[in-house]
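Structural features, examined
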Amino acid sequence: MAGDLRQVLRGIEVFAGELPLFDPNAAPATPDELFTEWLLHALEAGVREPHAMTLSTAGADGNPTARVLILKNVEAGGWQFASDSGGVKGRNLAERPYAALTFYWPELARQVRVRGPVTPESAEASRADFLARGVGARAESLLARQSQPLDDLASRDAAVAVSLARVEEDPGLAPEGWRLLTVRAESVEFWQGDKERRHTRLAYLRTGDGSWRRQLLWP
Ligand SMILES: Cc1cc2nc3c(=O)[nH]c(=O)nc-3n(C[C@H](O)[C@H](O)[C@H](O)COP(=O)(O)O)c2cc1C
């Protein structure tokens, strides 16, 4: 069985289909601009959920953990996400407020990696983010039990139903622990895959005066 799986994995084609070209010499001055360009391109190319990204964190013990989250916004070198502050990522970030984000858009053979310190946005901004979410998502998050052990699925369903009724009755409800957070990028790397393996990597590195230095990297 293990042998079969190895064969299956070896047989999967990577970088299939037509891939876009990326000229790093024509790249814009800031990573925000290039990221926006690439994200919109992914959306147009039909990539499903191109705003889903892997958020990697580590707690005080230094052990990494990662999960997928939705990107909320990008502005002024900051990549934003939102979550309950009570779960694993909340605890990790309280102990060590630094994170890495990874996007992968397979249809375009593109990867973007963002690293930097994480800062919470204001209570008002967090509340506004929460209230802009759909009713179902708000009902689920109002439970504020993310990552706690669950005894059975029926308990989940009953709690969500109660929460849904609360949201419908009071649409202004927002949990205290909901946080909008910003990764203030120190480095952002853009990776363009190539069928002939001449992959192109361009890193934007934040300098002491807050501007960006661009650096090509070996693939
Ligand atoms: C596509 C996708 C989008 C998700 N978006 C979010 C999100 O925006 N915020 C969030 O807290 N969890 C989101 N999740 C759930 C997280 O992956 C994770 O299970 C949860 O946040 C608990 O993580 P933690 O235990 O490390 O804190 C998403 C999962 C998937 C697959």
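Residues numbered from 1 in each chain as written. Predicted model: local features only at pLDDT ≥ 70, side-chain atom pairs only at ≥ 80, totals over all residues. Heavy atoms only, no water.

1. Remarks on the site of the ligand
Residues in contact with the ligand, as listed here, are Glu 49, Arg 67, Val 68, Leu 69, Ile 70, Ala 82, Ser 83, Gly 87, Val 88, Lys 89, Gln 146 and Ser 147. Separating an oxygen atom of the ligand from a backbone N or O atom of Ile 70 is a distance of 3.2 Å. If the ligand stood free it would expose 620 Å²; the protein chains cover 67% of that surface. Elements supplying a minimum of two residues to the shell around the ligand: strand S2 (64–70), strand S4 (78–84) and helix H3 (88–95). In terms of residue count, the dominant contributor to the shell around the ligand is S2 (four residues). (Near = heavy atom within 4 Å. Polar contact = N/O pair within 3.5 Å; in protein donor to acceptor, adjacent residues only side chain to side chain. Areas by Shrake-Rupley, 256 points an atom, 1.4 Å probe, with all protein chains shown as cover. Helix = DSSP H or I, 4+ residues; strand = E, 2+ residues; numbered from the N terminus.)

2. Section: the environment of Arg 197
Note that Arg 197 resides in the loop between strand S8 (187–192) and strand S9 (200–206). When its relative accessible area of 47% is taken as the criterion, Arg 197 is described as partly exposed. Residues in contact with Arg 197, not counting those within four places in the same chain, are Val 14 and Phe 15. Separated by 3.1 Å, the side chain of Arg 197 and the backbone oxygen of Lys 195 make a polar contact. (Buried < 20%, exposed > 50% of the residue type's maximum accessible area, 1.4 Å probe, protein only. Contact = heavy atoms within 4.5 Å.)

3. A look at the layout of surface pockets
Rolled over the atoms, a probe with the dimensions of a water molecule shows which regions are left empty. If you add up the space inside the largest pocket, you get close to 630 Å³. Counting only elements with at least two residues in the lining of the largest pocket, the list comes to S2, S4, helix H5 (135–142) and helix H6 (153–169). The biggest single contributor to the lining of the largest pocket is H6, with four residues. Within the lining of the largest pocket, the residues separate by chemical class into eleven nonpolar, six polar and eight charged. (1 Å grid on protein atoms, 1.4 Å probe; cavity = no way out; pocket = protein on both sides within 12 Å on 5 of 7 lines; lining within 4 Å. Points joined across faces, edges and corners; volume = space filled by probe spheres on them. Nonpolar A, V, L, I, M, F, W, Y, C, P; charged D, E, K, R; others polar.)

4. Description of the UniProt feature "binding site: FMN" (unreviewed entry) in the protein chain
The UniProt entry lists Arg 67, Val 68, Leu 69, Ile 70, Leu 71, Lys 72, Lys 89, Gln 111, Gln 146, Ser 147, Trp 191 and Arg 201 under the feature "binding site: FMN" (unreviewed entry), expressed in the numbering used here. Of the residues just listed, which span 135 residues, the most distant C-alpha pair is 36.3 Å apart, and they do not cluster in one region. Those annotated residues that line the largest pocket are Val 68, Leu 69, Ile 70, Lys 72, Lys 89, Gln 146 and Ser 147. Inspection of the secondary structure puts Val 68 in strand S2. Given the relative accessible area of 57%, Val 68 is considered exposed. Along the polypeptide, Lys 72 turns up in the loop between S2 and strand S3 (73–75). With a relative accessible area of 32%, Lys 72 lands in the partly exposed category. With residues near it in sequence (within four places) discarded, Lys 72 still touches Gln 80, Phe 81, Ala 82, Asp 129, Arg 133 and Leu 180. (UniProt positions renumbered as here; feature names shortened; annotations may be inferred.)

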